[in-house]
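Observations on the three-dimensional arrangement
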Amino acid sequence: MGHGEISARQAYEITTRAFPFRDLAAETFREIVRELSSNRLLWLDEDADRLEKSGGTWKYFYDNLSMIPDETTYGVEDVASGRQIGTLDERFVVDFAEPGEVFIQRGEMWRIVEIDEEEGSVTVSPIEDPGGEVPSWTGQEIPVPYAVAQDVGSLRASARQQFDAGNSRETVARWLCELYPTDEHTANEALAQIERHTEAMPDADRIVLESHGREFLLNAPFGHKINDTLGRVISALIGQQTGSSVGLETDPYRIELEVPRGISHGDIVDVLETTTPEHVAGVIELGLKRSDVLKFTLAQVAAKFGALKRWRGSSSFGRSRMLDALADTPVYEEALRVVQYEELAVPETIDLLRRVQDGDVTISTVSGRTPIGTGGRSSGRELLTPENADASVIQTVKERIQDDRMLLVCLHCLDWERTQQVKRVPDQPQCPNCDSTQIAALNPWADEVVDAVNAAEKDDEQEKMTERAYRAANLVQSHGKQAVIALAARGVGPHNAARIIAKLRENEADFYRDILSQEQQYARTKAFWD
């Protein structure tokens, strides 16, 4: 930035003196400079071998002093209370969030109702009965490195040897306490899986492949990144072989695959033993091309290259178009490099495949599930459900509606209106001027409806507003405060309010439960009607 202009050769020499870029190829440097020039971040005169600052250079410099990628957040709004309960990172929304998915926030389970990309918000409803629900997403875990996962594998093998020698769990627990700073009770509990596991033990140098139906699980203690990379390779090749998609879930010690019918242990072992290690990067690239993780990273890298001014990553259509537009550019190559070498572990996975094919890492197959294999799936699945699991949700809805305000308008004399909290509305609203009970309950900002009712000559829209107002007034006249409560709900007009009121129910909670159900339906469909 200290040079008004500089030769491209000199700029390249300065750049490669920095340690991270010491191996930067001259051709790669030229491609990057051309990309920056096309984005008007600098001027490039190739004939004169000259680089110059452009009008956007200084702005770009100050906007990108930090190389930490910008990432927006989405507000999470509870449809029951109408309040914001937290935020979600953009990556979560891009990679996971869809209507109907379940996640945990603030220690409670929520189902996504709607995603508003323009407002940057996610509308959710509380899970009324968590007993039958399993969260679709458990959050991004801190990656367990390869060395730690290998130590766990070695520890399993050593503990299993002690059990095979006839030692009790208490004896093995005391041995474990000598190695690690833990107490005997904790060590005893941790050893329960290993004691029950009588099949081949997955350890630092052994992968154990087990199956149940269409689900195959590789017990592989190689850490988060290697397991994620290896899982993507296996799923891509099995998918290519069958022409069907393959489900994938990984953790530091397991790779779980849901495969099409007809796939056997031998097919998965064959992938591990015959895949050329040098082809891993190419297989990963093919698998990543339409993945959300690459599209998300591509958008962040594009912003750093100045190819994208501002981006919100929730639109699949926009992300796909961007990937097509930036294919075969330095932006795409950098995004691919970030995913392959920062989020995945391609070189380490190549080395692991070589060790498998050289016999240094063996593969054992087991029919059925093992205690070690199922151990990673059992925690967090049992939820104790109270008899009335949604009681707190219904109470929240009730309190929110009771605190809302409604505009009450007399449609008989057209001379009285009042904005009042729902909880202060009498059981049978009545006009103080003419004693009529034909009171319309409207949203407090519905001044245009009042104007429409009072208009001597009405256009088509005003006629519709007036009709709705009179239908609301008829409901209030017939059902009193109950109608006001129903009309105060979000997205509930006279038609739906009448349906809610008409239902036979045993208690007040069922009334509010029906209101909440209608609000959730409105939240799911309002984007279509807007």
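The sections below set out a description of the structure shown in this document. Only a predicted model underlies this, so the values are computations on that prediction, with no experimental measurement involved.

By secondary structure assignment, the location of S38 is in helix 2 (residues 26–38). Separated by 268 residues in sequence, S38 and G306 place their C-alpha atoms 9.4 Å apart. Side-chain polar atoms of S38 contact the backbone oxygen of E35, separated by 2.7 Å.

Let us look at the sheet that holds strand 5 (residues 84–89). Here we have 5 strands laid out as an open sheet, ordered 5-4-8-7-6, and mixed in their pairing. Each of the sheet's edge strands pairs with one partner strand only, and the pair in question is strand 5 and strand 6 (102–105). With direction set aside, neighbouring strand axes in the sheet form an average angle of 40°. Sheet analysis places strand 4 (residues 73–78) next to strand 8 (residues 121–126), joined by 4 bridges and oriented parallel. Counterpart to E77 in the pairing with strand 8 is T123.

Ranked by size, the top nonpolar core spans 58 residues in total, and within it L218, I234, L257, I268, L288, L294 and L298 carry the most contacts. A per-element tally of this core places helix 12 (residues 292–304) first, with 6 residues. Membership of the second largest hydrophobic core comes to 35 residues, among which are I401, C410, V484 and A489.

Before going further, it helps to examine the packing of aromatic side chains. This model, assessed by the stated rule, comprises 3 aromatic pairs. Judged by centre distance (5.4 Å) and plane angle (70°), the ring pair of F511 and Y512 falls under edge-to-face. Residue placement shows R22 over the ring face of F19; its charged tip is 3.8 Å from the ring centre.

On to unusual backbone geometry, then. At L414, a residue that is not glycine, the phi angle is positive and equals roughly 55°. As for its position among the elements, L414 is in the loop between strand 14 (405–410) and strand 15 (417–421). Notably, D435 is not glycine yet its phi reads approximately 65°, a positive angle. Structurally, the position occupied by D435 is in the loop between strand 15 and strand 16 (439–442).

For helix 9 (residues 224–242), with 19 residues, the first-to-last C-alpha span of 27 Å sits near the 27 Å given by 1.5 Å per residue. Those residues of helix 9 that fall on the buried side of the exposure criterion are H224, I226, N227, D228, T229, L230, G231, V233, I234, S235, I238 and G239.

Moving on to the packing of helix 20 (residues 481–488) against helix 21 (residues 494–502). Between two packed helices, the angle of one axis relative to the other and the distance separating the axes together describe the packing. Axis separation between helix 20 and helix 21 bottoms out at 9 Å; the angle between their running directions is 125°. Taken together, helix 20 and helix 21 sit at an angle that is classed as oblique. The handedness of the crossing between helix 20 and helix 21 is right-handed. Seen from helix 20, the contacting residues are Q482, A483, A486 and L487; seen from helix 21, they are P494, A497 and I501. Here the contact of helix 20 with helix 21 is built from residues that sort into 6 nonpolar, 1 polar and no charged.

Before going further, it helps to examine the environment of E215. One can find E215 in strand 10 (residues 215–219). Along the primary structure E215 and G368 are separated by 153 residues, whereas in three dimensions their C-alpha atoms are 9.9 Å apart. Other than its neighbours up to four places away in sequence, E215 contacts E210, E256, L257 and R369. In this structure the side chain of E215 is engaged in a polar contact, spanning 2.9 Å, whose partner is the side chain of R369.

The next point concerns the environment of T16. Examined against the element boundaries, T16 turns out to sit in helix 1 (residues 8–16). Expressed as a C-alpha distance, the spacing of T16 and F29, which sit 13 residues apart in the sequence, is 9.7 Å. For T16, the residues in contact, after removing those within four places along its chain, are F21, R22 and L24. Only 3.2 Å separates the side chain of T16 from the backbone oxygen of E13, close enough to count as a polar contact.

For the rest of this paragraph, the subject is the pairing of strand 2 (residues 42–45). Across 4 bridges, the pairing between strand 2 and strand 3 (residues 50–53) is antiparallel. Bridged to L44 within strand 3 is L51. Hairpin connection, strand 2 to strand 3: the antiparallel pair is bridged by 4 residues, and D49 has positive phi, about 55°.

Our focus in this paragraph is the side chain of D203. With respect to the helices and strands, D203 occurs in the loop between helix 8 (192–196) and strand 9 (206–212). Within the structure, the side chain of D203 is placed 2.9 Å from the backbone nitrogen of D205, a separation counted as a polar contact. Aside from chain neighbours lying at most four places away, what touches D203 is G153, A157 and P221.

This part takes up the packing of helix 19 (residues 460–479) against helix 20. In the contact formed by helix 19 and helix 20, the axes pass within 6 Å of each other and the chain directions differ by 140°. Classified by the angle between their axes, helix 19 and helix 20 sit oblique to one another. Contacts from A472, L475, V476 and H479 of helix 19 reach helix 20 at K481, Q482, A483, V484 and L487. The residue inventory of the contact of helix 19 with helix 20, partitioned by class, reads 6 nonpolar, 2 polar and 1 charged.

Rules behind the numbers
- Residues numbered from 1 in each chain as written.
- Predicted model: local features only at pLDDT ≥ 70, side-chain atom pairs only at ≥ 80, totals over all residues.
- Heavy atoms only, no water.
- Helix = DSSP H or I, 4+ residues; strand = E, 2+ residues; numbered from the N terminus.
- Polar contact = N/O pair within 3.5 Å; in protein donor to acceptor, adjacent residues only side chain to side chain.
- Pairing = 2+ DSSP bridges.
- Axes fitted to C-alpha atoms, helices over the stretch in contact; angles between N-to-C directions.
- Core = buried A, V, L, I, M, F, W, Y, C linked by side-chain atoms within 4.5 Å.
- Buried < 20%, exposed > 50% of the residue type's maximum accessible area, 1.4 Å probe, protein only.
- Phe/Tyr/Trp six-rings, centres within 6.5 Å; stacked < 30°, edge-to-face > 60°.
- Lys NZ or Arg CZ within 6 Å of the ring centre and 35° of its normal.
- Expected span 1.5 Å × (residues − 1).
- Parallel < 35°, antiparallel > 145°, perpendicular 65-115°, else oblique.
- Left-handed = near helix turned anticlockwise from the far one by under 90°.
- Contact = heavy atoms within 4.5 Å.
- Nonpolar A, V, L, I, M, F, W, Y, C, P; charged D, E, K, R; others polar.

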